[in-house]
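# Descriptive analysis of the structure
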Amino acid sequence: MDIHEYQAKEILARFGVGIPQGALAYSPEQAAYRAREIGGEGWVVKAQVHAGGRGKAGGIRVCKNDVEILDATNRMFGQRLITHQTGPEGRGIYRVYVEAAVPIAREIYLGFVLDRSSQRIMIVASNEGGMEIEDISATRPDSIIRATVEPAAGLPEFQAREIAFKLGIEAGLTQAMVRTLQGCYRAFRDLDATMVEINPLVVTSDHRILALDAKMTFDTNALFRHPQIAELRDKSQEDPRESLAADRGLNYVGLAGNIGCIVNGAGLAMATMDTIKLAGGEPANFLDIGGGATPERCARAFNLVTSDSNVQAILVNIFAGINRCDWVAEGVVHALRETPVNMPVVVRLAGTNVEEGQKILAQSGLPLIRATTLAEAAERVVQAWKADVAGNQRVFA
Amino acid sequence: MSILLDASTRVMVQGITGRMAQFHTRDMVRYGTNVVAGVVPGKGGETVDGIPVFDTVKEAVAETGAEASLVFVPPPSAADSIMEAADGGIRYCVCITDGIPAQDMIRVKRYMLRYPRERRMVLTGPNCAGTISPGKALLGIMPSHIYLQGNVGIVGRSGTLGYEAAAQLKELGLGVSTSVGIGGDPINGSSFRDILELFADDPETQAVCLIGEIGGPQETEAAAYIRDHFKKPVVAYIAGLTAPKGRTMGHAGAFISAFGESASEKVEILSASGVRVAENPSVIGTTIASVL
């Protein structure tokens, strides 16, 4: 789960990480007021969206006075910010963070990730702050410092000092850097983050170490024990199809194609998408109905996929182990009876109770196309989709 | 594969009184697995289908000699159950649970290192379908009727894709020696390499089918091991060729975050290491047949 920059800064500040003075605004007037409260002679106005690359897209503006702040925020509020990370639909700007401009002497990259090779929390740091980590990795790989943290001990001071020395942090600021590193690590550990990224972490000309930007991502599997983090979720930053799915307990990722997929098991779901592509179609979504799916859950999944206006054909691919083919068949039949659809539906069933499932489908009287293997199912759905689309075009011609 | 699981292995089920656990324990017993105990704190003294339930792993081990454990416990306490198994003398543990926080698994792996190698528990999962040695024993939730007993080892992150592979093999009259699910989580008990090392020493296994997906370094690690040490033929299928970068595709571990973690990169690296990569999931069986 992602959170906004201002929320990440609030959290990290509580753990002892230095941040510039800043405040949230919900309107241009409020933004100007915040700047006056903060004081000083320069401010940075930042669109709060769940995406990087805001600067290049006009989502970060340096302002010297009220007029500039009002102008910058007027342009931001209500707009969709499109960055190289958001896709063409962009992200809606509903909050803006006003921050005191700080005199920057140096920019550092600092990240904390779950390293799957060592199965530890890993610290990644570089003096090439301000650049994206992929670019630093590509152009200045020798500048990257990596350190894994021993889970039985936490991040001891000597290890944090080592990183500070490697970064060439000036002697008077070593302790501040240690506090920053330990603060980030503890926030990561205590709140079950999967990523903390401060890019850039700056050394100011007046000898402070401050996080100029902050991103935190949290482990969705751990939200059950962090209700105050779960509270920070912002649906305005999510694909509405995915919010709908998540709220109904369905594992769903929206894509751009027109063949809707309903599958059990993430690996099989990915393989189904791959097979559709191989057969000449484009998947509209990834959807894993999980194990032990009830007819009601299957119906919900079906309705979710058909509610996507991009979808022009549907493939249900089930290999039941802990699931049951008869339950899936019941769910599909129920969904189609309640909300008939005007598009080809292909169902492939295999595994537990496959005969019962096939019987339910056959006896339903619904115009379902049945398949026995994954390859056959993908072939059939793509062919049926092409024929259906072509047929519709002929009707209109 | 007698190293992980065979007909005589004494198995306990942690969380046995749960609805799903009872359903699958029955399936396992029907298959011939030697289930000797259940562990549910606070339910010691009860029985499930005649199987005695204990409050702690240590008691269960002392009373029944249980050596392996199936953890069927919800996410908030699953890591704790795994650690209890490690501490209680269990040699092999399978954790089915989907949804364990990643840092809990970091702590579990660290905890397991507390014990010297000879005493250390082997863990597969979490978030997996389990392990089956067809004709001998089942420690998990897979539909046992799709497996023929034979000489192909299967190791994979995805349960249902594993079923596809087994079913396709059965269609061709080919059987499985052991199928091991390593699960879909980013921090897991055993890697592809760990299981390949076991298959290397197993006289019953003549070839291995490796089922991978996007995210994580373990397919690449396996490729290097196969290239330098593994003598038996390996066929692989990597799911997620069409998965977008930066999105979590179902499994918590199915997330492309770095170089070398996309499906196409993994396919390249595996092919370069001498692995035959099936070009689509429907030809996994025939590709395996071609290398036997």
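Presented here is a report on the structure given in the accompanying data block. Note that the structure is a prediction, hence the values are computed from the model and not measured.

Attention shifts here to the overall build of chain A. The secondary structure content of chain A amounts to 13 helices and 18 strands. For the C-alpha atoms alone, the extent of chain A along its principal axes is close to 80 × 50 × 40 Å. Looking at chain A residue by residue over its 397 residues, the buried ones come to 54%. Here the contacts in chain A between residues at least 6 apart in sequence split such that 68% fall between residues at least 24 apart. By element, 50% of the accessible surface of chain A is carried by carbon and sulfur atoms, the whole surface being about 16700 Å².

So, about the nonpolar core. Generally speaking, a soluble globular protein has its nonpolar side chains buried in company with each other. Ranked by size, the top nonpolar core spans 95 residues in total, and within it Leu-139, Leu-210 and Met-249 of chain B carry the most contacts. Among the elements that make up this core, the one with the highest residue count is helix α9 (residues 266-278) of chain A (7 residues). Leu-139 of chain B has contacts with Leu-5, Val-11, Met-28, Ala-68, Ser-69, Leu-70, Tyr-92, Val-94, Gly-130 and Thr-131 of chain B, leaving out every residue within four places of it along the chain.

This brings us to the interface of chain A and chain B. Across the boundary between the two partners, chain A contributes 48 residues, which contact 58 residues of chain B. For the pair chain A and chain B, the two sides together bury roughly 4000 Å², of which 61% comes from carbon and sulfur. Taken together, the links from chain A to chain B amount to 4 salt bridges. As a salt-bridge pair, Glu-150 of chain A and Arg-110 of chain B come within 2.6 Å of each other at their nearest N and O atoms. The tally of links from chain A across to chain B stands at 17 residue pairs in polar contact (both at pLDDT 80 or more). No other element matches the 10 residues that α9 of chain A contributes to the side of chain A that touches chain B.

Let us look at the pairing of strand β6 (residues 92-95) of chain B. All names here are of chain B. With burial as the criterion, each face of β6 is covered, one bearing Tyr-92 and Val-94 and the other bearing Cys-93 and Cys-95. The pairing of strand β5 (residues 68-71) with β6 spans 4 bridges and is classified as parallel. Its bridge partner lying in β6, Ser-69 is registered against Cys-93. Once you follow β5 into helix α3 (residues 75-87) and on to β6, the crossover reads as right-handed. Direction of pairing for β6 relative to strand β7 (residues 122-124): parallel, over a ladder of 3 bridges. Paired with Val-94 across the two strands is Thr-124, which belongs to β7.

Residues and elements named next belong to chain B. For helix α9 (residues 284-291), every residue scored as buried is listed here: Ile-284, Gly-285, Thr-287 and Ile-288. Along α9, the residues classed as buried sweep out an arc of 165° about the axis, all on the same side. Summarising the contacts, the buried residues of α9 are in contact with β10 (149-156), α5 (159-171), β12 (207-213), β13 (234-239) and β14 (276-277).

All names here are of chain B. Locating Glu-67 in the fold gives a position in the loop between α2 (57-64) and β5. As for Glu-67 and Ala-263, which are separated by 196 residues in sequence, their C-alpha atoms are 37 Å apart. Beyond its immediate chain neighbours, meaning those up to four positions away, Glu-67 contacts Ser-8, Thr-9, Arg-10, Ile-90, Arg-91 and Tyr-92. Of the polar contacts made by the side chain of Glu-67, one reaches the backbone nitrogen of Arg-10; its length is 2.8 Å.

Let us now look at the packing of helix α7 (residues 218-229) of chain B against helix α8 (residues 263-272) of chain B. All names here are of chain B. Relative orientation of the contacting elements α7 and α8 amounts to 10°, with a least axis distance of 9 Å. Here α8 runs roughly parallel to α7, going by the angle between their axes. Where α7 approaches α8, its residues Glu-219, Thr-220 and Ala-223 are matched on the opposing element by Lys-266, Ile-269 and Leu-270. Split by residue class, the contact of α7 with α8 holds 3 nonpolar, 1 polar and 2 charged.

This part covers the sheet that holds strand β3 (residues 47-48) of chain B. All names here are of chain B. In spatial order, the strands read β3-β4-β2-β1-β5-β6-β7; together these 7 strands make up an open sheet with mixed pairing. Edge positions in the open sheet fall to β3 and β7, since each of these has one partner strand only. Against the sheet, α3 touches β1 (10-14), β5, β6 and β7, its axis set at about 175° to β5.

As a further point, take the environment of Pro-240 of chain A. Residues and elements named next belong to chain A. Summarising the element assignment, Pro-240 is placed in helix α8 (residues 240-247). Classification of Pro-240 by relative accessible area gives exposed; the value is 65%. Taking the C-alpha atoms as reference points, Pro-240 and Gly-254, 14 residues apart in sequence, are found 9.2 Å from one another.

Definitions and limits used
- Residues numbered from 1 in each chain as written.
- Chains lettered and ligands numbered in written order.
- Predicted model: local features only at pLDDT ≥ 70, side-chain atom pairs only at ≥ 80, totals over all residues.
- Heavy atoms only, no water.
- Helix = DSSP H or I, 4+ residues; strand = E, 2+ residues; numbered from the N terminus.
- Buried < 20%, exposed > 50% of the residue type's maximum accessible area, 1.4 Å probe, protein only.
- Contact = heavy atoms within 4.5 Å.
- Areas by Shrake-Rupley, 256 points an atom, 1.4 Å probe, with all protein chains shown as cover.
- Core = buried A, V, L, I, M, F, W, Y, C linked by side-chain atoms within 4.5 Å.
- Buried area = accessible area lost by both parts, 1.4 Å probe.
- Salt bridge = Lys/Arg side-chain N within 4 Å of Asp/Glu carboxyl O.
- Polar contact = N/O pair within 3.5 Å; in protein donor to acceptor, adjacent residues only side chain to side chain.
- Pairing = 2+ DSSP bridges.
- Right-handed = clockwise from strand over helix to strand, strands pointing away.
- Arc of directions from axis to C-beta.
- Axes fitted to C-alpha atoms, helices over the stretch in contact; angles between N-to-C directions.
- Parallel < 35°, antiparallel > 145°, perpendicular 65-115°, else oblique.
- Nonpolar A, V, L, I, M, F, W, Y, C, P; charged D, E, K, R; others polar.

Without other data, these values stay purely geometric and don't point to any function.
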